[in-house]
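# Close look at the chain arrangement
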There are 2 protein chains.
Amino acid sequence: MVLAQGLRVGILGATGAVGTEILAILAERSFPVAELRLLASPRSAGQTLSFGETVLPVQAVSEETLKGLDLILASAGASVSRQWLPIAIQGGAIAIDNSSAYRMEPNVPLVVPEVNPEDLKTHQGIIANPNCTTILMTVALWPLHQVRPIRRIVAATYQSASGAGAKAMQELKDQALDILKGQPPRTEVFPYPLAFNLFPHNSPLNDQGYCQEEMKMVNETRKIFHAPELRLTATCVRVPVLRAHSEALNVEFFEPFPLQEARDRLQQAAGVQFVEDWQRNYFPMPLEATGKDPVLVGRLRQDISEPNALELWLCGDQIRKGAALNAVQIAESLIAQGLL
Amino acid sequence: MVLAQGLRVGILGATGAVGTEILAILAERSFPVAELRLLASPRSAGQTLSFGETVLPVQAVSEETLKGLDLILASAGASVSRQWLPIAIQGGAIAIDNSSAYRMEPNVPLVVPEVNPEDLKTHQGIIANPNCTTILMTVALWPLHQVRPIRRIVAATYQSASGAGAKAMQELKDQALDILKGQPPRTEVFPYPLAFNLFPHNSPLNDQGYCQEEMKMVNETRKIFHAPELRLTATCVRVPVLRAHSEALNVEFFEPFPLQEARDRLQQAAGVQFVEDWQRNYFPMPLEATGKDPVLVGRLRQDISEPNALELWLCGDQIRKGAALNAVQIAESLIAQGLL
């Protein structure tokens, strides 16, 4: 239960692309904050960040600085989460973790608030925030899957540089300038040049040739939808876009899904902004999804190759709904359900 | 039959992105040219272009300048082809047309030389060069389809600016610089900014919501493969890349296609360069396909969602194999078959 004075909130990984966005979103949404601690590696300690009108110091994460928190929002990578979140929850905090560390653990809810908020009820201290591509896809497909279950998804993604962090976004801009000047593009964060180029997602590949990013889409979607048999294949691709992901989704149902019914469902769906102007050939675009809360969904079509399938297209801000916003919405849902 | 002194060749649309590439490829491949006429709209007449060591004037296309040609390679758009190619072939020339004007006419062969060179035998003067996305896809899939027929393809494309011409490539570069300078990007050729953005292909949409580019993939592939029942759905997307297209292809066969057999077929396939280094996460990329003749194919995987399907990834130079090179290879195939 939130006391009158609000919650004692920590942000772990406060200086990163997602951490700074969490900070901005907490202020924007007037999240009930009594005390806010910005935590990061000792390297980042001593910096300051603004929270509304207040300027706050960044502190090194430690047993001391984790003490007495009600809520910790973590986005500092899997190994940092594994090290510090068990300590934070022992001290009584609830942790919402943006890393992949705990997502597939059976006793950890993996939650998209528009899809499976009721899964929060069984939490044991840690709640996992899904991967960006999964969040965007599940927000768009849940309103359809609820009515007529999905049999199989063939996904192709168009993923922005932000998924690899703030340094990767700067690298994309630097590379673009290099190429425009006729110089070879510098690569440091990414293995290959991304400006005016693209490449299959550079996460580790498994024995079947699927990269981690693709398997996150497969396994996390099954867990969030409580659909362990759902068939899903994906091709994840990095494209020279700064901070919004796009996805082309071919979605096959067990029976035909009337187009108008699907359109109605999506137009009414929570977290979805339906964007279609067929006259102007105007559909979701990453530049327009940037900085927006909803997932932009459109270009809904009956698949001409398969009577039971629909095609759709979406774009969503990778840092907001793909990460920071979803984490804050999980906290809001915990409060609304009396779990925090 | 080619005379000792070679052929009298015209290039219609000689000053465009594809026209200048045809000129370069004819020189590179020592195409048997006795006389070369560079033809374009009156607006472009008077310019000069280099052909090997020779500098040639660009002439306005007219009944006069079309007279006495053996071969005309046209890449000036559908309406220009419809106006001038009938006149050229009445004068005895064979026309290879890069526009969409004649592609779906039943008496016009639509040819990818690695796939269906025998279709050239029935030509009646005009031969159509397929659309870029179709050429790249058919080169990659024919070696598989020949052994075990394809049932259905789900395609997602990542298409470069060059598909909209040389001005579009410049616009992408100008927009990137605008954005890096913090200025709003100028749009003239494309309806929306392409730099650091992407959007569904901006060709006209049909009643089913498929754009022209997507229907070209569907209809042209069926014609080239002589597979009128082939199921194909596509999502065509423009991405901020200069001149090579990429495609993510989910390919379902009527029966399982053993992965090693598919890999062997692709490694031996004409027009394909198989590019895979799983250790380095290194697969085809548009920057590396740029300026290359073969279609780079790789990331071949068994689809984990469907036992009869494979996933593969390709990149190909849109101006070369996607247009100019394929047209010149058609001419070479005509010569090799004694048809020219």
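Residues numbered from 1 in each chain as written. Chains lettered and ligands numbered in written order. Predicted model: local features only at pLDDT ≥ 70, side-chain atom pairs only at ≥ 80, totals over all residues. Heavy atoms only, no water.

If you look chain A up in an unreviewed UniProt entry, it shows as Aspartate-semialdehyde dehydrogenase from Thermosynechococcus sichuanensis E542. Listed under Catalytic activity (unreviewed entry) in UniProt, the entry text for chain A is "L-aspartate 4-semialdehyde + phosphate + NADP(+) = 4-phospho-L-aspartate + NADPH + H(+)". The heading Function (unreviewed entry) in the UniProt record of chain A holds the text "Catalyzes the NADPH-dependent formation of L-aspartate-semialdehyde (L-ASA) by the reductive dephosphorylation of L-aspartyl-4-phosphate." (UniProt positions renumbered as here; feature names shortened; annotations may be inferred.)

### Section: the packing of helix α1 (residues 17-28) of chain A against helix α9 (residues 320-336) of chain A
For any two helices packed against each other, the geometry is given by the interaxial angle and the distance between the axes. Residue and element names in this part refer to chain A. It is at 9 Å that the axes of α1 and α9 come closest, and there the two elements cross at 50°. On the basis of the axis angle, α1 is oblique to α9. Relative to α9, the crossing made by α1 is right-handed. Along its contact with α1, which presents Val18, Glu21, Ile22, Ile25, Leu26 and Glu28, the element α9 presents Arg320, Ala323, Ala324, Leu325 and Val328. (Axes fitted to C-alpha atoms, helices over the stretch in contact; angles between N-to-C directions. Helix = DSSP H or I, 4+ residues; strand = E, 2+ residues; numbered from the N terminus. Parallel < 35°, antiparallel > 145°, perpendicular 65-115°, else oblique. Left-handed = near helix turned anticlockwise from the far one by under 90°. Contact = heavy atoms within 4.5 Å.)

### Notes on the interface of chain B and chain A
In this assembly, 65 residues from chain B lie in contact with 65 residues from chain A. Ranking the residues of chain B by area buried against chain A places Tyr192(B), Phe196(B) and Ile304(B) at the top, with a combined share of 13%. Here chain B and chain A share 8 salt bridges between them. The closest approach of N and O atoms between Arg152(B) and Asp303(A), which form a salt bridge, is 2.7 Å. Linking chain B to chain A there are 32 residue pairs in polar contact (both at pLDDT 80 or more). Per element, the largest residue contribution to the side of chain B that touches chain A is 6 residues, and it comes from strand β8 (residues 150-158) of chain B. (Buried area = accessible area lost by both parts, 1.4 Å probe. Salt bridge = Lys/Arg side-chain N within 4 Å of Asp/Glu carboxyl O. Polar contact = N/O pair within 3.5 Å; in protein donor to acceptor, adjacent residues only side chain to side chain.)

### Some details on the relation of the copies chain B and chain A
When chain B is fitted to chain A, the best match, at an RMSD of 0.0 Å, comes from turning it 180° and sliding it 0.0 Å along the axis. What we have between these two chains is a two-fold relation. Comparing contact sets, 100% of the residues at the interface of chain B also lie at the interface in chain A, consistent with an isologous, same-surface contact. (Least-squares fit on C-alpha atoms with pLDDT ≥ 70 in both.)

### Side note on the sheet that holds strand β3 (residues 48-51) of chain B
Residue and element names in this part refer to chain B. One open sheet holds the 7 strands; their spatial order is β3-β4-β2-β1-β5-β6-β7, and the pairing between them is mixed. Where the open sheet ends on each side, the last strands, each with one partner, are β3 and β7 (126-128). The average undirected angle you get between the axes of adjacent strands in this sheet is 25°. Examined bridge by bridge, β3 and strand β4 (residues 54-60) share 4 bridges and lie antiparallel to one another. Directly across from phenylalanine 51, in β4, lies its bridge partner threonine 54. Contacts from helix α1 (residues 17-28) reach β1 (7-12), β2 (33-40), β3 and β5 (71-74), with the element oriented near 30° to β3. (Pairing = 2+ DSSP bridges.)

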